[in-house]
Amino acid sequence: MVAPDERAGGDDAIRRRRLLSRLASAYLLDVLAIARGEGDPLDTLIAAAIIQANVAGIRARADLQLAFAQADRPPPDELRRPVSMNAIANSLNLPFETVRRRIGALAAAGHCRFVEGGVIVPAAVLMSPAFAKDAEGYERTRAFYGQIRGLGLLGDLPPPTAEIGPGEPPVRTVWRLIGSYMLRVAEDLGQIGRLLDAVILFEVFRSNTERWPPAPLGREGTTAADLEPDRLRRPASISALARRLGMSPETVRRHVLRLSERGHLARTTAGLVIPAEVLAQPRFQGALEANAGHAQRLMSALSRLGVLQLWDRERAAGTAAA
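Note that this is a predicted model, so its numbers are computed, not measured.

J.: Hey, could you run me through the pattern of salt bridges in this one?
T.: Pairing between side chains of opposite charge can happen when their charged atoms approach one another. Counted by the stated rule, this structure contains 18 salt bridges. Between Glu139 and Arg142 there is a salt bridge, and its shortest N-O distance comes to 2.9 Å. Here the residue Glu139 and the residue Arg142 both occupy positions in helix H8 (residues 134-150), the gap between them amounting to 3 residues, near one helical turn. Classification of Arg142 as partly exposed rests on a relative accessible area of 24%. A single network of salt bridges, built from pairs that share partners, joins Asp30, Arg140, Glu203, Arg206, Glu210, Arg234 and Arg244.

J.: Where do I start with the confidence of the model for the protein in this structure?
T.: Regions with low pLDDT should not have their predicted coordinates read in detail. Averaged over all residues, the pLDDT of the protein equals 88, while 90% of them reach at least 70. Contacts for the low-pLDDT stretch residues 1-9, under 50 throughout, to residues beyond four places or in other chains number 1 contact.

J.: Where do I start with helix H12 (residues 249-261) in this structure?
T.: One turn of an α-helix holds 3.6 residues; hence residues three or four places apart share an orientation. Here H12 is 13 residues long and its end C-alpha atoms lie 18 Å apart, about the 18 Å a rise of 1.5 Å per residue gives. Thr251, Val252, His255, Val256, Arg258, Leu259 and Ser260 are the residues of H12 that are buried. Buried residues along H12 sit in contact with helix H10 (195-209), helix H11 (238-245), strand S3 (266-268) and strand S4 (271-273). Positive backbone phi, at 85 degrees, marks Gly263, one or two positions downstream of H12.

J.: Explanation requested: the packing of helix H9 (residues 171-188) against helix H14 (residues 282-304) in the structure shown.
T.: Two quantities define a packed helix pair, namely the angle between the helix axes and the distance between the axes. Remark: H9 packs on H14, axes separated minimally by 10 Å, with the N-to-C direction vectors making an angle of 160 degrees. Between H9 and H14, the angle falls in the class roughly antiparallel. Between H9 and H14 lies a crossing of right-handed hand. Two secondary-structure elements touch here, H9 through Val174, Leu177, Ile178, Tyr181, Arg184, Val185 and Asp188 and H14 through Ala290, Asn291, His294, Ala295, Arg297, Leu298, Ala301 and Leu302. Residues belonging to the contact of H9 with H14 are distributed by class as follows: 10 nonpolar, 2 polar and 3 charged.

J.: When you look at the nonpolar core in this model, what are you seeing that I'm missing?
T.: When a protein is soluble and globular, its nonpolar side chains tend to lie buried together. Within the largest apolar cluster, 90 residues are counted, with the highest numbers of intra-cluster contacts made by Ile46, Leu92, Tyr181, Met182, Met299, Leu302 and Trp311. Among the elements that line this core, the one with the most residues is helix H1 (residues 4-36), at 11 residues. Beyond its immediate sequence surroundings of up to four residues, Ile46 is in contact with Ile88, Leu92, Leu94, Val99, Arg102, Ile103 and Leu106.

J.: Help me understand the environment of Leu79 in this model?
T.: You can see Leu79 is positioned in the loop between helix H4 (62-67) and helix H5 (85-92). Classification of Leu79 by relative accessible area gives partly exposed; the value is 38%. Once the C-alpha coordinates of Leu79 and Ala135 are considered, the two residues, 56 residues apart in sequence, prove to be 23 Å apart. Ignoring sequence-local partners within four residues, the contact set of Leu79 consists of Asn54, Ile58 and Phe68.

J.: Looking at this model, I keep getting lost on the packing of aromatic side chains. Mind explaining?
T.: Any aromatic ring pair is given by two values, namely how distant the centres are and how the planes are angled relative to each other. The tally for this structure, following the rule as stated, stands at 4 aromatic pairs. Summarising the aromatic geometry, the rings of Tyr138 and Trp311 are spaced 5.5 Å apart at their centres and angled 80 degrees between planes, so their arrangement reads as edge-to-face. Of the two residues, Tyr138 sits in helix H8 while Trp311 sits in helix H15 (residues 307-321), which places them 173 residues apart along the sequence. For the pair formed by Tyr138 and Trp311, the shared burial category is buried. On the basis of an interplanar angle of 40 degrees and a centroid distance of 6.0 Å, the ring pair of Tyr145 and Trp311 is categorised as tilted. Note that Tyr145 is positioned in helix H8 and Trp311 in helix H15, a separation of 166 residues in sequence. With a relative accessible area of 4%, Tyr145 lands in the buried category. Put simply, the rings of Tyr27, Phe144 and Tyr181 pair up and form one aromatic cluster. For Arg149, the ring lying beneath its charged end belongs to Tyr145, and the centroid distance is 5.0 Å.

Conventions we followed
- Residues numbered from 1 in each chain as written.
- Predicted model: local features only at pLDDT ≥ 70, side-chain atom pairs only at ≥ 80, totals over all residues.
- Heavy atoms only, no water.
- Salt bridge = Lys/Arg side-chain N within 4 Å of Asp/Glu carboxyl O.
- Helix = DSSP H or I, 4+ residues; strand = E, 2+ residues; numbered from the N terminus.
- Buried < 20%, exposed > 50% of the residue type's maximum accessible area, 1.4 Å probe, protein only.
- pLDDT = per-residue confidence, 0-100.
- Contact = heavy atoms within 4.5 Å.
- Expected span 1.5 Å × (residues − 1).
- Axes fitted to C-alpha atoms, helices over the stretch in contact; angles between N-to-C directions.
- Parallel < 35°, antiparallel > 145°, perpendicular 65-115°, else oblique.
- Left-handed = near helix turned anticlockwise from the far one by under 90°.
- Nonpolar A, V, L, I, M, F, W, Y, C, P; charged D, E, K, R; others polar.
- Core = buried A, V, L, I, M, F, W, Y, C linked by side-chain atoms within 4.5 Å.
- Phe/Tyr/Trp six-rings, centres within 6.5 Å; stacked < 30°, edge-to-face > 60°.
- Lys NZ or Arg CZ within 6 Å of the ring centre and 35° of its normal.

Rendered as structure tokens:
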């Protein structure tokens, strides 16, 4: 027999994990929207994969991460590693022809450049107005950290190996880590289905649950009977999904039709809902929990570089000033 206190501890862990999964889903969609700007979400993920491959050597070294930390200091092109289109297709689990066509369009628009050995996103492009969203993503990540810290959802964090002094915020350091986080999640979304299908499902999930209080409403387990009842989910309209994702309503409608035919979505008179019986499936629970784990990994990386400690000092200084 399980002792009552042991059972309560397990129930609390499940509740905390489910809450972190919900908050991490909203964070993922927000940073994807910030990175996307006026563009297409799939193009955004492809560009992010190119950028992350280009700066892989910089991400591996704390000294270089901090040397190229500020908004006006992107790593120079000679430090960028070209990446092949085949590697991008494999990393995102996309057809090669899709990646080839989209990278060709991105290059034609001046967002990337073909060089010997593959493709890069040059430093000059990262400094252009099209990529001027660093501060917004930085602040959204700081807010996400404060939110999950305040709710007691952060696990153990590693100590910092560097200290960030006063001055310009390390927005590029944070964005490099955001990019890594988005791509790790993108790799795991394959357990749900096609990449854009999975992104749409995450947005429906966010829309269904965003008005809930900051604590799970259902019971402690993860079967359909344990999860929040469908009548409490706020249906999502195709027009709202299209607006949030930067996609045309026709494109969203085509994906929704396929997802509905496969039983992933329920269509009601008020809009779209992911039923509890679908959310309880291992692949959906796995994708949600994997995202929560990647969010924790992001926070660990930020802690190692001293970013979280910087934010804590700034918060304490602001509290003292108030």
